[in-house]
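Residues per chain, in single letters:
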Amino acid sequence: MTTLFIADLHLDPGRPQITALFENYLASDEVRHADALYILGDLVEAWVGDDDDAELPRRIARAIRAVNDAGVPVYFMAGNRDFLLGEAFARRAGMTLLDDGTVHDIQGRRTLLMHGDLLCTDDVAYQAVRQQVRAPQWKAQILSMPLEARRAFAAKAREDSRAHTGSTMESIMDVNDGAVAAAMRQAGVTRLIHGHTHRPAVHPFVLDAKAAERIVLGDWYEHGSVLRVTGAGVELRGLATG
Ligand code: MN
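For every chain, the first residue of its written sequence is number 1, and the numbers climb from 1 along that sequence. Owing to the predicted nature of the model, reporting of local features is limited to residues with pLDDT of at least 70; listing and counting of side-chain atom pairs is limited to 80 or more, with chain, interface and lining totals taken over all residues. Values shown for side chains rest on all heavy atoms present in the structure; no hydrogens or waters enter the calculation.

## Here's the deal with the overall build of the protein
Thought 1: Secondary structure elements are taken from DSSP: a helix is a run of H or I of four residues or more, a strand is a run of E of two residues or more, and numbering for both begins at the N terminus. Secondary structure assignment for the protein yields 8 helices and 11 strands.
Thought 2: A compact globule built from 242 residues would reach a C-alpha radius of gyration of about 18 Å, and the protein, at 17 Å, matches this within 12%.
Thought 3: Along the longest, intermediate and shortest principal axes, the C-alpha atoms of the protein span 55 × 40 × 30 Å.
Thought 4: For the protein, with 242 residues in total, the buried portion stands at 48%.
Thought 5: Residue pairs at least 24 apart in sequence account for 66% of intrachain contacts in the protein once pairs closer than 6 positions are excluded.
Thought 6: Summing over all exposed atoms, the protein offers an accessible surface of approximately 11400 Å²; the carbon and sulfur share of this is 53%.
Thought 7: His residues and chain termini do not enter the charge count, which takes Lys and Arg as positive and Asp and Glu as negative. By convention, the charge on Lys lies at NZ, on Arg at CZ, on Asp at CG and on Glu at CD. The positive charge centre, built from 26 side chains, and the negative charge centre, built from 33, are 2 Å apart in the protein. When we talk radius of gyration, it's over C-alpha atoms, and the globule rule is simply 2.2 Å times the number of residues to the 0.38. Throughout this description, buried means an accessible area under 20% of the type-specific maximum (1.4 Å probe, protein chains only), exposed means over 50%, and partly exposed covers the range between. We call two residues contacting when some pair of their heavy atoms lies within 4.5 Å. Areas reported here follow the Shrake-Rupley algorithm with a probe of radius 1.4 Å; residue values treat only the protein chains shown as occluding.

## Focus: the coordination of the manganese ion
Thought 1: Donors, by definition, are the N, O and S atoms found within 2.8 Å of a metal, the threshold being 3.2 Å for Na, K and Ca, and water is not counted, so a site can look incomplete. Around the manganese ion, the protein supplies Asp42 (OD), Asn80 (OD1), His115 (NE2) and His196 (ND1) as donor atoms, at distances of 2.1 to 2.2 Å.
Thought 2: In the primary structure, the donors to the manganese ion are separated according to the pattern D-x37-N-x34-H-x80-H. Of this pair, Asp42 sits in the loop between strand E2 (36-39) and helix H3 (55-69) while Asn80 sits in the loop between strand E3 (74-77) and helix H4 (87-93), and the two are 38 residues apart along the sequence. Assigned by exposure class, Asp42 and Asn80 land together as buried.

## Looking at the nonpolar core
Thought 1: Ranked by internal contacts, the top residues of the largest apolar core, which has 39 residues, are Phe22, Leu43 and Ile64.
Thought 2: Elements that contribute at least two residues to this core include exactly strand E1 (3-6), helix H1 (16-26), E2, H3, E3, H4 and helix H6 (136-143).
Thought 3: If one sorts the elements of this core by residue count, H3 sits on top with 6 residues.
Thought 4: Those residues in contact with Ile64, other than ones at most four positions away along the chain, are Phe22, Leu26, Ile39, Leu43, Val74, Ala93 and Met95. Buried Ala, Val, Leu, Ile, Met, Phe, Trp, Tyr and Cys residues form a nonpolar core when they are joined through side-chain atoms within 4.5 Å.

## Remarks on the pairing of E1
Thought 1: Across the two faces of E1 the burial is the same, with Thr3 and Phe5 and Leu4 and Ile6 all buried.
Thought 2: We treat two strands as partners when DSSP finds at least two bridges between them. In this sheet, E2 lies alongside E1 in parallel orientation, the contact comprising 4 bridges. Following the sheet pairing, Thr3 is matched in E2 by Ala36.
Thought 3: Summarising the sheet, E1 and strand E10 (residues 224-230) pair through 3 bridges and their orientation is antiparallel.

## Concerning the pattern of salt bridges
Thought 1: When a carboxyl oxygen of Asp or Glu is within 4 Å of a side-chain nitrogen of Lys or Arg, the pair counts as a salt bridge. Taken as a whole and assessed by the stated rule, the structure comprises 20 salt bridges.
Thought 2: Close ionic contact of Arg59 with Glu55 constitutes a salt bridge, the shortest N to O distance being 3.5 Å. Within this pair, Arg59 and its partner Glu55 are both found in helix H3, separated by 4 residues, close to a single helical turn.
Thought 3: Between Glu159 and Arg162 there is a salt bridge; the shortest N-O distance is 3.0 Å. Of this pair, Glu159 and Arg162 both sit in helix H7 (residues 147-167), 3 residues apart, which is roughly one turn of that helix.
Thought 4: Taking relative accessible area as the criterion, Glu159 reaches 45% and is therefore assigned partly exposed.
Thought 5: Among the charged side chains, a network of salt bridges with common partners joins Glu30, Arg228, Glu235 and Arg237.

Okay, here's the thing in structure tokens:
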């Protein structure tokens, strides 16, 4: 009995070996025998809309649908790179969309699931942009643009993101401990799983006199990274490219 978590794959046509690793992993016995697979955001480097007819989204849909068809439920929570991913693609891929901040029972333990960017409250500039682009009106306006214009827009957004990341202090781009405690307290949990920061680790700490832990998923830039949760505990593991 194992539940699997991945995030921050940043799948992109420019890194075909990582796309292949993703496809191979989803076809593996570990995934096909899991209780569930959770993808906690930034599955792709950029998402321009569910109507994108490029090869990558088709391959992703095929790989995920095969997992679902094998009887393993797949859950997807949007990250800051793929928040335009919607119900149409989720249906095509056979996965269930989750809101950021969902609480699920994972192997007998109530667990708060987040992408992680909402916890980075010290990055005030980022949070302001996030609020703007997540507004339904803004999303509708972007999605009404022609596909080519959206692709150009996404490329520009990636440039801006790189410039911001390059000029912002490391500590500001990590989670804020107060925001973590507040989110877990509000959800009434002692375990949180998130991605986004690309700092894979298990952080035990004390929350209101109770043992708590925050588990951070790793990114897939150089190799894969997966979290396995069983009734006995958690394990973060790397996946080598073929
Ligand atoms: Mn992210």
